[in-house]
Amino acid sequence: MNYKKIITLPVYRRPNYTKQVLEGLRNCYGIKDYTICIFAEPGYPEVIDVIKSFTDLNIRLTINEKQLGLPSNTRQCLD
């Protein structure tokens, strides 16, 4: 069976931390084989700008319509 390789990441209002995580992923062997599904809470455009600056990663960005909070946003990642 051929499985898709996916990393999920809920993000909120920490652009520097988001940048550190994505820089770390960028350096991982085989990262080109992965899709990084990021679910961002609304209201923090600086976080979105950081995510969009990583054009060399296969990122699928979803910006929530309303703030879900950590438990619901994490659950959304897993669903």
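Scroll up to find the structure this text is about.
Residues numbered from 1 in each chain as written. Predicted model: local features only at pLDDT ≥ 70, side-chain atom pairs only at ≥ 80, totals over all residues. Heavy atoms only, no water.

Describing the side chain of Glu41
Checked against the element boundaries, Glu41 lands in the loop between strand E2 (34-40) and helix H2 (45-52). Buried within the structure, Glu41 lacks any salt-bridge partner; Lys66 is the closest side chain of opposite charge, at an N-O distance of 9.7 Å. At 2.9 Å, the side chain of Glu41 forms a polar contact with the backbone nitrogen of Leu68. Among all residues touching Glu41, those that are not within four sequence positions of it are Val11, Tyr12, Asn64, Lys66, Gln67, Leu68, Gly69 and Asn73. (Helix = DSSP H or I, 4+ residues; strand = E, 2+ residues; numbered from the N terminus. Buried < 20%, exposed > 50% of the residue type's maximum accessible area, 1.4 Å probe, protein only. Lys, Arg positive; Asp, Glu negative; His and termini not counted. Salt bridge = Lys/Arg side-chain N within 4 Å of Asp/Glu carboxyl O. Polar contact = N/O pair within 3.5 Å; in protein donor to acceptor, adjacent residues only side chain to side chain. Contact = heavy atoms within 4.5 Å.)

Considerations on the packing of aromatic side chains
A complete count under the given rule lists 1 aromatic pair for this structure. The interplanar angle of 75 degrees and the centroid separation of 5.2 Å between the aromatic rings of Tyr12 and Tyr44 together place this pair among those described as edge-to-face. Pair noted here: Tyr12 is in the loop between strand E1 (5-11) and helix H1 (15-26) and Tyr44 is in the loop between E2 and H2, with a separation of 32 residues, a long-range link. Sitting over the face of the ring of Tyr17, Arg14 holds its NZ or CZ atom 4.6 Å from the ring centroid. (Phe/Tyr/Trp six-rings, centres within 6.5 Å; stacked < 30°, edge-to-face > 60°. Lys NZ or Arg CZ within 6 Å of the ring centre and 35° of its normal.)

Some thoughts on the pairing of E2
Each regular strand shows side chains that alternate between the opposite faces of the sheet. Burial within E2 is extensive, with 5 of its 7 residues counted as buried. Pairing of E1 with E2, which is carried by 7 bridges, proceeds in the parallel orientation. From the neighbouring strand, Thr8 faces E2, where its bridge partner is Cys37. With 5 bridges joining them, E2 and strand E3 (residues 59-63) adopt parallel strand pairing. Each bridged residue has a counterpart across the sheet, and for Ile36 the counterpart in E3 is Ile59. Each parallel crossover has a hand, and for E2 linked through H2 to E3 it is right-handed. (Pairing = 2+ DSSP bridges. Right-handed = clockwise from strand over helix to strand, strands pointing away.)

Overview of the nonpolar core
Grouped burial of nonpolar side chains is what soluble globular proteins tend to show. Counting 14 residues, the largest nonpolar core has Val11, Leu22, Ile36, Ile38, Ile51 and Leu57 as its most contacted members. Counting residues per element, the ones that place at least two in this core are E1, H1, E2 and H2. It is H2 that contributes the most residues to this core, 4 residues altogether. Not counting residues within four places of it along the chain, the set of residues in contact with Ile36 comprises Ile7, Leu25, Ile31, Leu57, Asn58, Ile59 and Arg60. (Core = buried A, V, L, I, M, F, W, Y, C linked by side-chain atoms within 4.5 Å.)

Some remarks on the sheet that holds E1
Pairing in this open sheet of 3 strands is parallel, and the strands run E1-E2-E3 from one edge to the other. A single partner strand is all that each edge strand has here, and the edge strands are E1 and E3. This sheet shows a mean twist of 15 degrees between the axes of neighbouring strands, independent of strand direction. Across the face of the sheet, H1 comes into contact with E1, E2 and E3 while running at roughly 170 degrees to E1. Packing of helix H3 (residues 70-78) onto the sheet brings it into contact with E1 and E2, and relative to E1 it is tilted by some 165 degrees. (Axes fitted to C-alpha atoms, helices over the stretch in contact; angles between N-to-C directions.)

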